[in-house]
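A look at the structure
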Amino acid sequence: DYITEIMVPILNYLSKDIDTFLNTTHNGQPLTMLLLSVVEKVFSNDSSDCGKDSKAAATMLTCLVTCCHPGKSPGPIDSLIPNILYMTLTKLNTILSNKQ
């Protein structure tokens with residue numbers, strides 16, 4: 001419900017201290033997985049007319065990929081890329097299906 005309000009602090013955290021973000025856990029769960037679970041819930045539950053919440057969630061995913069994959073091989077989130085693509089493409093397919 002508050003994805004647009006938490007977006008800016010999360011983007012700041014990702015862009016300013018990515019190593020801490022990648023290595024921090026909350027109740028034993030890495031922050032990257034918590035972020036993906038929030039995005040997944042937003043993508044599946046965003047019923048707003050303009051998709052404002054989904055846009056905010058997609059922005060956070062974009063920032064995660066951009067900040068965590070600056071040409072490193074292997075990147076620290078390489079294992080998460082298939083899930084990120086699946087969530088994003090599923091949401092895009094839903095949007096396209098609803099327009100038809």
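None of these values were measured; they are calculated from a predicted model. Here the residue index of a chain counts from 1 through its sequence in written order. At least 70 in pLDDT is required for a residue's local features to be given in this predicted model, at least 80 for side-chain atom pairs to be given and counted, and no such filter applies to totals for whole chains, interfaces and linings, which use all residues. Where side-chain values are given, they derive from all heavy atoms of the structure, hydrogens and water being excluded.

Considering the overall build of the protein
For clarity, the threshold we go by: In this text, helices come from DSSP runs of H or I with a minimum length of four residues, and strands from runs of E with a minimum of two, each type numbered from the N-terminal end. Residues are treated as being in contact if the distance between any of their heavy atoms lies within 4.5 Å. Note that accessible areas follow from Shrake-Rupley with a 1.4 Å probe, and for residues the cover is restricted to the protein chains shown.
Counting its regular elements, the protein contains five helices and two strands. In the protein, of all internal contacts separated by at least 6 residues, the share reaching a separation of at least 24 is 58%. Entry remark: accessible area of the protein is about 6600 Å², with carbon and sulfur atoms responsible for 56%.

Details of the packing of aromatic side chains
Operational definition: Planes of paired rings set the category: under 30 degrees apart is stacked, over 60 is edge-to-face and the rest tilted, where pairs are Phe, Tyr or Trp rings (Trp by its six-membered ring) whose centres lie within 6.5 Å. Throughout, exposure labels follow a simple rule: accessible area from a 1.4 Å probe, protein chains only, divided by the maximum for the residue type, with under 20% read as buried, over 50% as exposed, and the rest as partly exposed.
Summed over the entire model, instances satisfying the criterion amount to one aromatic pair. With a centroid separation of 5.3 Å and an interplanar angle of 90°, the aromatic rings of Tyr13 and Phe21 are classed as edge-to-face. The class for Tyr13 is partly exposed, based on a relative accessible area of 30%. Overall, Phe21 belongs to the buried group, its relative accessible area being 5%.

Thoughts on helix H1 (residues 3–16)
The line we're drawing: Multiply 1.5 Å by the residue count of a helix minus one, and that product is the helix's expected span.
The terminal C-alpha atoms of H1 lie 20 Å apart, and with 14 residues this matches the ideal 20 Å at 1.5 Å per residue to within 8%. Every buried residue of H1 is listed here: Ile3, Met7, Leu11 and Leu14. Residues of H1 that are buried make contact with helix H2 (18–23), helix H3 (31–45) and helix H4 (52–68).

As for the environment of Ala58
If you trace the backbone, Ala58 turns up in helix H4. Overall, the relative accessible area of 30% leaves Ala58 in the partly exposed class. Measuring from C-alpha to C-alpha, the distance between Ala58 and Val42 comes to 9.6 Å, with 16 residues separating the pair along the chain.

As for the nonpolar core
Convention followed: We define the nonpolar core as a collection of buried residues of types Ala, Val, Leu, Ile, Met, Phe, Trp, Tyr and Cys that are connected through side-chain atoms lying within 4.5 Å of one another.
If you look at the biggest cluster of nonpolar residues, it comprises 23 residues, and the most contacted ones within it are Leu14, Phe21, Leu35, Leu36, Val39, Leu61 and Leu64. Every element with two or more residues in this core is listed here: H1, H2, H3, H4 and helix H5 (81–99). No other element matches H4, which puts seven residues into this core. If we skip the residues at most four places from it in the chain, Leu35 touches Ile10, Leu14, Phe21, Met60 and Leu64.

Re unusual backbone geometry
Look at Asn27: it is not a glycine, yet its phi comes out positive at around 55°. Tracing the backbone through its elements, the reader meets Asn27 in the loop between strand E1 (25–26) and strand E2 (29–30). Residue Asn27 is classed as exposed on the basis of its relative accessible area of 76%.

Focus on a nonpolar patch on the surface
The following threshold applies: Patch rule: a residue counts if its relative accessible area is over 30% and it has no salt bridge; like charges are joined within 9 Å, and nonpolar side chains (Val, Leu, Ile, Met, Phe, Trp, Tyr) within 5 Å. Salt bridge, as used here: a side-chain nitrogen of Lys or Arg that lies within 4 Å of a carboxyl oxygen of Asp or Glu.
Together, Leu85, Leu89, Leu92 and Leu96 make up a nonpolar patch on the protein surface, roughly 380 Å² of accessible area in all. Relative to the assigned elements, Leu96 resides in helix H5.

Topic: the environment of Thr20
The condition is simple: Each polar contact in these results corresponds to two N or O atoms within 3.5 Å; when the atoms are within protein, one needs to be able to donate a hydrogen and the other to accept it, and residues that are neighboring in sequence are counted only if both atoms are side-chain atoms.
Relative to the helices and strands, Thr20 is located in helix H2. Through-space distance from the C-alpha of Thr20 to that of Leu31 is 9.6 Å; in sequence the pair is eleven residues apart. Of note is the side chain of Thr20, whose polar atom sits 2.6 Å from the side chain of Asp17.

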